[in-house]
Amino acid sequence: MAVTDTPRFVRADGPDKVTGSGRYVADLTLTGMLTAKFRYAGVAHARITKIDVTAARAIPGVFAVLTADDVPDLRYSPVVPDRHLFAKDTVRFEGEVVAAVAAINAEVAQQAADAVVFEYDELPIVDDLEAAMTDESPLVHEDWEEYAVTGDTPRDRNVATFSSISKGDVDAGMAAADLVVKQRYVADGCHALPIEPRGVVAQWEGNKVTIWTSTQVPFDARNGVCETLEMPSNRVRIIVPHLGGGFGGKCGFHFEAHIAALAKAAKRPVKIVFSREEEFLAPDRRRESMIIDLETGLMNDGSIVARRGWVAVDNGAYTADSAFFPQLAAMHVAGPYKIPNVHIDSSLVYTNHQPSGSVRAPTAPQGCWACETHTDELASAVNMDPVAFRKMNAIDTGAEGVVGQIYDEIGLQDCIDAATKAAGYGQDLPDDEAIGVAIGWWPSFPGPSGAFVRLDADGAGQIVTGAQECGTGAVMTLRQLAADELGMDPEDFEIIYQDTAVAPYDTGATGSQTLLNNGRAVVAAAEQIAEQLKAHAAEQLEAAVGDIVLANGAAHVAGSPDKSVSINELAEIASGGEMLIGKGSPVPPDYPEIPGMNCVGDQGVAAWAAPQFSCHAVRVRLDRDTGVARVLGIACAHDSGTIINEVAAHGQVEGGVLMGIGQALTEGTVYGEDGRQKNPALLEYKLQTFADAPPITTTFIQTPTTEAGPRGAKGLAEAPNVPTAAAISNALAKILGQPVRQLPMTAERIWETSTAGGNQ
Amino acid sequence: MSSPSFSIAQSLDEALTAMAAGARPVAGGTDLVVGARQGKAPLPGSLIAIDRLDELAAITPATDGTRIGAMVTHATLMTNPIVVEQYSALADAAALVGSPSTRNVGTLGGNVMNGSPAMDTGAPLVVLGATAELQTSAATRQVALADLWTGPGQTSAADDELCVALNLAARPANSGSAYVRLEYRRAMEIAVVGAAASVVLAEGGAVETVSVALTAVAPTILSVDVAGVLVGEQIDEATLKTVAETAAEAATPISDLRATDRYRRHTVGVMARRAVEAAARRARGERIAIPVNRALGIGAAQ
Amino acid sequence: MTLETAPASINLTVNGVTYPVVADTSRNLLSVIRTEVGLTGTKEGCDDCECGACMVLLDGQPVNSCSYLAAQAEGKAITTIEGLGDGDALHPLQAKMLEAGGVQCGFCTPGMIMSAHALLERTPDPTEEEIRIGLSGNLCRCTGYAKILQAVGEAAVELR
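Residues numbered from 1 in each chain as written. Chains lettered and ligands numbered in written order. Predicted model: local features only at pLDDT ≥ 70, side-chain atom pairs only at ≥ 80, totals over all residues.

1. Considering the overall build of chain B
What counts, and what does not: Strands here are runs of E lasting at least two residues and helices are runs of H or I lasting at least four, both read from the DSSP assignment and numbered beginning at the N terminus. Note on burial: count the other C-beta atoms lying within 10 Å of the residue's C-beta; 20 or more is buried, 12 or fewer is exposed, in between is partly exposed, and C-beta positions come from the backbone. Whether two residues are in contact depends on their C-beta atoms, placed from the backbone: they are in contact if these lie within 7 Å.
Scanning chain B from N- to C-terminus turns up 13 helices and 14 strands. Dimensions of chain B, computed from C-alpha atoms along their principal axes, come out at roughly 60 × 45 × 30 Å. Buried residues in chain B amount to 62% of all 302 residues. By sequence separation, contacts in chain B at least 24 residues apart represent 65% of the contacts at least 6 residues apart.

What follows is the structure in structure tokens.
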């Protein structure tokens with residue numbers, strides 16, 4: 001068992017969580033509270049002919065039954081506003097909400113939901129990505145041309161958005177290549193699957209509503225309520241109690257407005273808590289399935305000279321936050337390589353599946369799996385060791401990437417060295433074992449973010465932040481940043497967070513951005529207090545402000561540690577006048593500019609700020625007779641810039657890796673011919689268990705990074721999820737003699753590949 | 001049926017009387033309560049809890065074998081010395097059921113009477129020659145398992161009959177048994193396919209008697225006749241290959257989410273072969289830890 | 001026919017305190033603990049024995065309370081996460097989970113700790129494999145289990 005020795009860090013929310021005293025949404029009860037249930041479409045594509053709630057409303061104990069007729073008639077969603085709160089005219093996936101009920105208890109609510117008369121004519125199912133892109137395909141959105149789309153967003157029929165990335169002359173590059181390798185890779189969709197099923201509680205007081213919800217993005221949730229219920233932002237308060245995980249599945253605006261509307265109509269607080277099955281079917285945040293065609297031109301010396309790609313990304317029935325997926329997918333199938341000629345066309349395709357949305361590094365594990373499986377095939381084609389092939393072709397500091405970006409100091413090559421060394425790459429192994437290697441990358445997302453820091457008269461600190469803690473420990477780490485600025489102990493600070501009414505804006509627990517952005521905000525706020533403390537200390541110690549140092553809970557004169565005054569005393573002094581209140585909202589670091597970048601449908605995810613790099617080396621054993629694979633161990637190396645909280649950082653890598661193993665081997669949504677999910681339950685949708693988890697070792701390549709987060713930190717939460725499945729794929733390919741070009745690489749698919757033999 | 005009720009039986013008589021009046025027995029409740037919540041079958045209107053009947057929770061030597069009470073839990077089966085030593089296949093199977101908590105509350109009687117073709121303890125009981133002891137307030141009868149299971153989730157037991165024990169035949173010298181299954185994870189699994197084998201070896205190592213039964217490849221647990229292939233023969237690469245082929249041919253699997261029929265047919269042959277091999281090794285006196293899946297590395301358990 | 005209208009008086013002993021509750025006999029133990037007894041540390045993650053968030057101890061043995069009838073628990077000693085620890089002092093399992101970083105979102109944590117408690121009661125000096133199998137009925141999506149493994153190992157040492 002390999003456990004990295006890291007400094008201990010006890011998180012502020014930890015005691016609540018280990019004693020059971022911490023409250024999650026499901027744990028909340030308000031006097032007079034009603035229970036909500038949704039009536040779902042239950043059919044993947046249909047024209048609504050009748051919705052009648054008369055009988056449902058007549059059931060004793062039912063306080064409200066709402067449909068599209070009861071809320072403002074408007075379409076919402078970022079970039080491509082294509083959906084309504086409640087199904088209107090057409091249902092486009094099985095989990096679409098047709099009606100919502102609030103009743104005295106769960107049984108009556110369910111009875112009323114069942115009593116809603118919902119009649120429809122079935123429409124043809126659109127579920128094949130390639131077929132959906134043809135002119136003959138039925139349309140998922142017949143009114144697609146009417147939608148009020150924003151930005152540079154090319155669209156056509158079932159193609160919700162299109163992007164390309166392009167550099168050089170791919171035709172010429174391909175023509176000049178010594179050899180060309182072309183393959184198709186197909187990835188199924190899968191789920192974020194936080195262990196906490198989401199809940200929402202809404203309560204109105206006058207014209208204001210407070211909503212307790214399990215969201216990763218309180219401000220997004222608030223804005224969604226404001227938009228759909230036509231309310232100003234200061235009358236909608238979102239509070240998140242403890243959040244039981246998200247992994248992107250709880251990003252975006254989901255059901256807060258439905259419950260708020262019910263509570264308003266019922267004139268009572270209303271609560272919904274999802275069952276596991278609802279958690280599988282209804283949220284618009286499934287990880288997208290993808291089809292990836294890759295064609296790569298190589299020289300005999302192993303250098304890559306051209307890559308052409310075609311990508312189709314399953315959007316599902318509505319565009320949640322997925323408009324940028326095609327461009328991001330294109331970046332991942334192109335990969336962190338020095339390829340002079342590149343052209344990738346990438347489309348986001350409507351189907352009658354559950355909508356896709358940002359699940360932990362959207363498009364990246366699938367794109368990386370295709371790219372890196374392909375890379376091993378390329379190395380094989382020129383008889384090169386795949387690691388040496390990567391070292392030769394991967395970008396390094398100062399190199400130009402696939403859209404022309406020149407990278408500042410990066411640690412990708414060091415990641416490859418560290419991970420392969422830790423895994424013992426190159427050692428002799430039994431013939432049913434192999435070590436597979438893959439590299440990955442992921443951008444950081446600078447953005448606006450705010451925080452307050454204050455010290456009260458007794459010297460006790462408060463951090464009031466818009467940031468959201470979803471388990472990663474990123475918000476918990478803010479204490480450390482504030483304490484370090486003020487020469488105090490992290491334990492001196494409490495954190496007030498996850499409440500849109502008290503704290504300034506933050507994007508939320510999304511895009512691995514909490515530490516990157518809110519960390520800068522907290523440091524900026526603490527710096528203001530530091531200045532105040534130093535001024536008071538200078539007066540008290542009769543020294544120059546510039547000579548005051550804050551350390552160990554006191555201010556002292558530089559070079560004279562004995563000449564000091566405690567921060568508690570300074571706080572007491574300050575409390576009688578200008579109080580110690582700092583605010584931070586620094587200007588975000590710039591995104592790099594790429595002169596002459598030649599991308600159609602740019603959604604802002606080709607030029608990467610503070611990019612993160614990784615390499616995973618996975619040792620796999622295969623039971624050849626059955627196709628069942630087991631991951632025996634994995635060595636990870638990550639360049640996420642400066643690591644501020646080592647315990648949390650290791651936890652992010654370990655959790656991301658295990659999710660990646662699940663995606664590689666056992667996790668995949670299975671759709672029936674009726675367009676409905678066949679495995680919305682944990683027995684048939686298989687997460688990795690404690691007994692499956694391999695030892696994981698992690699090396700952090702702490703590359704100094706400017707234009708990043710505090711002290712040069714980049715993001716981290718999503719990056720570990722990127723290359724694991726790809727590395728497993730490459731290990732399996734070594735054992736089998738050929739890759740399994742379907743994801744997940746289930747036992748049966750592995751067995752099929754091995755029995756098909758040489759079907760290259 | 002009586003009005004909705006729930007009671008905890010303090011004696012077997014009380015339980016049987018309640019069942020005669022229409023109550024359904026509940027032991028661990030894992031199948032019953034989960035099934036009701038998933039909408040498979042509503043909870044019965046009248047329930048009698050039988051999990052506290054100590055007389056049903058004993059493993060006792062009998063003149064011609066061993067009597068295992070229906071309320072013996074999987075957790076007990078996987079560690080009880082008599083079961084582990086003499087009826088290893090049953091211990092192998094019990095150790096693979098669900099999770100530690102389901103093994104704690106789940107019982108042998110519950111598993112058997114659920115009648116699922118995917119039940120892990122079924123194939124071991126068949127190869128170990130078990131009979132089910134069914135009791136009513138009026139009578140007791142022994143039923144061969146082949147007669148008990150009539151289809152997926154169906155048994156021939158009358159509504160008022162309670163399974164009180166499984167009676168297992170005495171084990172001869174030089175015998176061994178094993179159960180293996182295909183699983184995609186190392187825990188929390190349900191059998192995709194599985195196989196149990198019991199082998200008795202003669203002097204010199206040839207097979208004297210052998211029985212094999214398969215999990216999840218037919219409407220009920222499926223016995224496969226491999227005597228013609230193995231009796232009088234040594235267990236070697238050639239005979240094991242024939243075992244695998246025989247099992248695969250005998251199977252009539254379905255395609256579902258967990259596997260296609262084609263893959264099931266192939267892997268059940270692999271499991272049958274591995275079960276026979278492990279049973280023979282045990283018959284030769286080799287100690288293979290419970291469960292074989294994890295001791296020898298079968299599929300994800302390697 | 002279901003039991004939906006069959007309220008019964010049930011005496012449940014939770015963490016040493018006996019609660020006389022009235023609940024339908026079809027109710028599972030989890031919902032009665034969370035609502036009638038009022039202890040919400042025990043979580044619901046799946047409702048079919050697949051995630052382990054609802055794990056409690058019944059007479060010291062781990063049980064998925066989502067799939068156990070409340071009425072059937074009468075007379076048994078029920079222990080929930082709130083029953084661990086001594087006053088304000090954390091139980092070593094709780095303390096080590098915090099120190100090692102075995103807690104992230106925390107939703108699986110109570111169930112995980114209850115399973116670990118039962119494991120260490122019967123296996124005070126577990127191997128790594130025994131910990132992995134012993135806790136295999138508790139799904140965690142955050143940690144990759146690595147820090148939980150470390151925490152349980154360290155708690156075992158402290159408890160011995």
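2. Focus: the overall build of chain C
Filter applied, for reference: The quantity called the radius of gyration is restricted to C-alpha atoms. Its globule counterpart is 2.2 Å times the number of residues to the power 0.38.
When you go through chain C residue by residue, the secondary structure sums to five helices and five strands. Taken over the C-alpha trace, chain C has a radius of gyration of 16 Å; the compact-globule value for 160 residues is 15 Å, and the two agree within 12%. Counting only residues that meet the buried cut, chain C has 69% of its 160 residues in that class. Within chain C, contacts between residues separated by at least 24 positions form 56% of all contacts whose residues are at least 6 apart in sequence.

3. Looking at the domain arrangement of chain C
All names here are of chain C. Selection rule: The domain limits used here are those given by an automatic or database domain assignment. Residue polarity follows a fixed list, in which Ala, Val, Leu, Ile, Met, Phe, Trp, Tyr, Cys and Pro are nonpolar, Asp, Glu, Lys and Arg are charged, and the others, Gly among them, are polar.
Each domain of chain C was delimited in the assignment, giving domain 1 (7-83) and domain 2 (92-159). Computed over C-alpha atoms only, the centres of domain 1 and domain 2 are separated by 21 Å. Opposite the 15 residues of domain 1 that make contact, domain 2 presents 13 residues. For the side of domain 1 that touches domain 2, the secondary-structure elements that each account for two or more residues are strand 3 (55-58) and strand 4 (61-64). With three residues, the top contributor of residues to the side of domain 1 that touches domain 2 is strand 3. Residue composition of the side of domain 1 that touches domain 2, grouped by class: eight nonpolar, six polar and one charged.

4. Some words on the interface of chain A and chain B
Listed as interface residues are 20 residues of chain A and, on the opposing side, 16 residues of chain B. Secondary-structure elements contributing two or more residues to the side of chain A that touches chain B are strand 26 (609-623), strand 27 (628-639) and helix 18 (747-756) of chain A. It is helix 18 of chain A that contributes the most residues to the side of chain A that touches chain B, three residues altogether. Taken together, the residues of the side of chain A that touches chain B sort by class into six nonpolar, five polar and nine charged.

5. Quick notes on helix 17 (residues 724-736) of chain A
Residue and element names in this part refer to chain A. Put simply, the test is: A helix is expected to span 1.5 Å for every residue after the first.
Taking 1.5 Å as the rise per residue, helix 17 with 13 residues should run 18 Å; its terminal C-alpha atoms sit 18 Å apart, in good agreement. The buried fraction of helix 17 is high, at 13 of 13 residues. Remark: Gly 737 follows helix 17 within two positions and exhibits a positive phi of approximately 90°.

6. Re the sheet that holds strand 1 (residues 5-8) of chain B
All names here are of chain B. Threshold: What makes two strands pair is DSSP finding at least two bridges between them. Lines fitted to the C-alpha atoms define the axes, with helices restricted to the stretch that makes contact. Angles between their N-to-C directions range from 0 to 180 degrees.
If you walk across this open sheet you meet the three strands as 1-3-2, and the pairing is parallel. A single partner strand is all that each edge strand has here, and the edge strands are strand 1 and strand 2 (24-26). The average angle at which neighbouring strand axes cross in this sheet is 25°, direction not considered. As defined by bridge partners, strand 1 adjoins strand 3 (residues 46-49) across four bridges and the pair is classed as parallel. Across the sheet, residue Ile 8 finds its bridge partner in strand 3, namely Ala 49.

7. A few points about the pairing of strand 26 of chain A
Residue and element names in this part refer to chain A. In terms of burial, strand 26 is a largely internal element, 14 of the 15 residues being buried. In this sheet, strand 26 lies alongside strand 18 (residues 433-444) in antiparallel orientation, the contact comprising eleven bridges. Note on strand 26: the bridge partner recorded for Ile 439 is Cys 615. The pairing of strand 26 with strand 27 spans eleven bridges and is classified as antiparallel. Note on strand 27: the bridge partner recorded for Cys 615 is Ala 637. Connecting strand 26 to the next strand, strand 27, in antiparallel fashion are four residues, including Gly 627 with a positive phi near 80°.

8. What to know about the interface of chain C and chain A
Frequently, the measure chosen for interface size is the accessible area that the parts lose on association. Each partner contributes residues to the interface: chain C has 47 residues there, and chain A has 49 residues. Of the residues belonging to the side of chain C that touches chain A, the class tally is 21 nonpolar, 15 polar and eleven charged.

9. Considering the packing of helix 11 (residues 237-250) of chain B against helix 12 (residues 261-283) of chain B
All names here are of chain B. Quick note on the threshold: Angle categories: roughly parallel below 35 degrees, roughly antiparallel above 145, roughly perpendicular from 65 to 115, and oblique for all the rest. Less than a right angle of anticlockwise turn of the near helix away from the far helix marks a crossing as left-handed, whereas a clockwise turn marks it as right-handed.
Interaxial distance between helix 11 and helix 12 falls to 7 Å at its minimum, and their mutual angle equals 135°. Our classification of the angle between helix 11 and helix 12 gives oblique. In this structure, helix 11 crosses over helix 12, and the sense of that crossing is right-handed. Note on element contacts: helix 12 touches helix 11 through Arg 265, His 266, Val 268, Gly 269, Val 270, Ala 272, Arg 273, Val 276 and Glu 277, opposite Leu 240, Val 243, Ala 244, Glu 245, Ala 247 and Ala 248. A breakdown of the residues in the contact of helix 11 with helix 12 according to their chemical character gives nine nonpolar, two polar and four charged.

10. So, the environment of A:Ile644
Residue and element names in this part refer to chain A. Structurally, the position occupied by Ile 644 is in the loop between strand 27 and helix 16 (646-665). For the pair Ile 644 and Ala 521, spaced 123 residues apart in the sequence, the C-alpha separation amounts to 15 Å. If we skip the residues at most four places from it in the chain, Ile 644 touches Thr 477, Gln 480, Leu 515, Arg 711 and Ala 713.

11. Some remarks on the sheet that holds strand 19 (residues 451-455) of chain A
Strand pairs in the sheet, formed through backbone hydrogen bonds, run parallel or antiparallel to each other. All names here are of chain A. Across the sheet, four strands lie side by side as 21-20-19-25; this open sheet has mixed pairing. Where the open sheet ends on each side, the last strands, each with one partner, are strand 21 (493-497) and strand 25 (580-584). Each neighbouring strand pair of the sheet contributes to a mean axis angle of 15°, computed without reference to strand direction. Packing against the sheet, helix 13 (residues 474-486) makes contact with strand 19, strand 20 (461-465) and strand 21, and its axis sits at approximately 135° to strand 21. Helix-sheet contacts for helix 14 (residues 514-541) involve strand 19, strand 20 and strand 25, and the interaxial angle to strand 25 is about 145°.

12. Some thoughts on the domain arrangement of chain B
Residue and element names in this part refer to chain B. When the domains of chain B are assigned, the result is domain 1 (5-35 + 55-169) and domain 2 (175-301). If you average the C-alpha positions of domain 1 and of domain 2, the two centres end up 23 Å apart. With 24 residues of domain 1 at the contact, the number on the domain 2 side is 30 residues. Mapped by element, the contributors of at least two residues to the side of domain 1 that touches domain 2 are helix 5 (88-96), helix 8 (122-127) and strand 8 (149-151). In terms of residue count, the dominant contributor to the side of domain 1 that touches domain 2 is helix 5 (seven residues). By residue class, the composition of the side of domain 1 that touches domain 2 is 17 nonpolar, five polar and two charged.

13. Here we look at the environment of B:Arg273
Residues and elements named next belong to chain B. Along the chain, the position of Arg 273 falls in helix 12. Arg 273 sits in the buried class, given 27 other C-beta atoms within 10 Å. A sequence separation of 115 residues divides Arg 273 from Ala 158, and the C-alpha atoms of the two residues are 37 Å apart. Sequence-distant contacts of Arg 273, defined by excluding residues within four places in its chain, comprise Leu 240, Val 243 and Ala 244.

14. Topic: helix 5 of chain B
Residues and elements named next belong to chain B. Burial within helix 5 is extensive, with nine of its nine residues counted as buried. For helix 5, the complete set of buried residues consists of Ser 88, Ala 89, Leu 90, Ala 91, Asp 92, Ala 93, Ala 94, Ala 95 and Leu 96. Among the residues trailing helix 5, Gly 98 stands out with phi positive, at a value near 45°.

15. Focus: the confidence of the model for chain C
Residue and element names in this part refer to chain C. The condition is simple: Each residue gets a pLDDT score, which is the predictor's confidence in that residue and runs from 0 to 100.
The share of residues in chain C with pLDDT of 70 or more is 96%, and the mean pLDDT across the chain is 94. For residues 1-5, every residue scores under 50 in pLDDT, and the model assigns this stretch 15 contacts once sequence neighbours within four places are set aside. Quick note on the complex model: pTM equals 0.97, ipTM equals 0.97.

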